[in-house]
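What follows is the residue order along each chain.
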Amino acid sequence: QVQLVESGGGPEQAGGSLRLSCAASRNTYCMGWFRQAPGKGREGVATIDSRGTTYYADSVKGRFTISRDTAKNTLYLQMNSLKPEDTAMYYCAADYVRCGSLAKFNYNFWGQGTQVTVSS
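Residues numbered from 1 in each chain as written. Predicted model: local features only at pLDDT ≥ 70, side-chain atom pairs only at ≥ 80, totals over all residues. Heavy atoms only, no water.

Q: Teacher, can you tell me more about the overall build of the chain here?
A: Check the secondary structure of the chain and you find 0 helices and 11 strands. Counting from the amino terminus, helix and strand elements in the chain follow one another as β-β-β-β-β-β-β-β-β-β-β. At 13 Å, the chain has a C-alpha radius of gyration in line with the 14 Å of a compact globule built from 120 residues. Taken over the C-alpha atoms alone, the chain extends approximately 40 × 25 × 25 Å along its principal axes. For the chain, the proportion of contacts with a sequence separation of at least 24, taken over those separated by at least 6, is 59%. (Helix = DSSP H or I, 4+ residues; strand = E, 2+ residues; numbered from the N terminus. Rg over C-alpha atoms; globule rule 2.2 N^0.38 Å. Contact = heavy atoms within 4.5 Å.)

Okay, structure coming up:
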């Protein structure tokens, strides 16, 4: 079992920045960020594996950066140029297998989420 705890969410103005963190109890191969707004389906934001290979949703490319500190078992998401459309609950996910498509949500471990609210 891997426990994940997100932090760093909060209110922010459009154009601003936030940095999300996900502390994991154990290291895993694949880690990623997913988000879900009320009334909308879950969306894959970005993933990164233990080798540093990253994938981003088209909607966040150039604005968000995913990274991880393996020694600290911590995942990060730097979010810049925030838009109201980024408003959602952001979830950290992890698994021991290779990262798959951002459209797949079958990760074995999930955090409780951290709320990001971007105002105009």
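Q: Which parts of the structure should I look at to understand the environment of Gly 32?
A: Counting through the fold element by element, Gly 32 comes out in strand β4 (residues 30-36). Taking C-alpha positions, Gly 32 is 7.5 Å from Val 45, a pair spaced 13 residues apart along the chain. Those residues in contact with Gly 32 that sit more than four places away from it in its chain are Ala 46, Thr 47, Ile 66, Leu 75, Tyr 91, Cys 92 and Ala 93.

Q: It is not clear to me how the layout of surface pockets should be interpreted in this structure. Could you clarify?
A: In this model, the largest pocket occupies a volume close to 200 Å³. By residue class, the composition of the lining of the largest pocket is 2 nonpolar, 4 polar and 7 charged. (1 Å grid on protein atoms, 1.4 Å probe; cavity = no way out; pocket = protein on both sides within 12 Å on 5 of 7 lines; lining within 4 Å. Points joined across faces, edges and corners; volume = space filled by probe spheres on them. Nonpolar A, V, L, I, M, F, W, Y, C, P; charged D, E, K, R; others polar.)

Q: Is there a simple way to explain the state of the cysteines in this structure?
A: Two cysteines, two sulfur atoms, one covalent bond between them: this is a disulfide. Under the defined criterion, the tally for this structure stands at 2 disulfides. The disulfide that involves Cys 22 links it to Cys 92, with 2.1 Å between the sulfurs. Taking the torsion about the sulfur-sulfur bond, which here is approximately -75°, the covalent link between Cys 22 and Cys 92 counts as left-handed. You can see Cys 22 sitting in strand β3 (residues 18-24) and its partner Cys 92 sitting in strand β9 (residues 88-95), a full 70 residues away along the chain. The pair formed by Cys 22 and Cys 92 is uniform in burial state, with each residue classed as buried. Note that Cys 30 is cross-linked by a disulfide to Cys 99, the S-S spacing being 2.0 Å. A torsion of 115° about the S-S bond marks the disulfide between Cys 30 and Cys 99 as right-handed. (Disulfide = S-S within 2.5 Å. Buried < 20%, exposed > 50% of the residue type's maximum accessible area, 1.4 Å probe, protein only.)

Q: Whenever I open this one, the pairing of strand β11 (residues 114-119) confuses me. Can you help?
A: Within a regular beta strand, the side chains point alternately toward one face of the sheet and then the other, so they alternate between its two faces. Covered by surrounding structure in β11 are Thr 114, Val 116 and Val 118 only, the residues Gln 115, Thr 117 and Ser 119 on the alternate face being uncovered. Where strand β2 (residues 10-13) meets β11, 4 bridges bridge the pair, whose relative direction is parallel. For Gln 13, the partnering residue across the bridge sits in β11 and is Ser 119. As defined by bridge partners, β9 adjoins β11 across 3 bridges and the pair is classed as antiparallel. When the sheet's bridge partners are listed, Ala 88 is paired in β11 with Val 116. (Pairing = 2+ DSSP bridges.)

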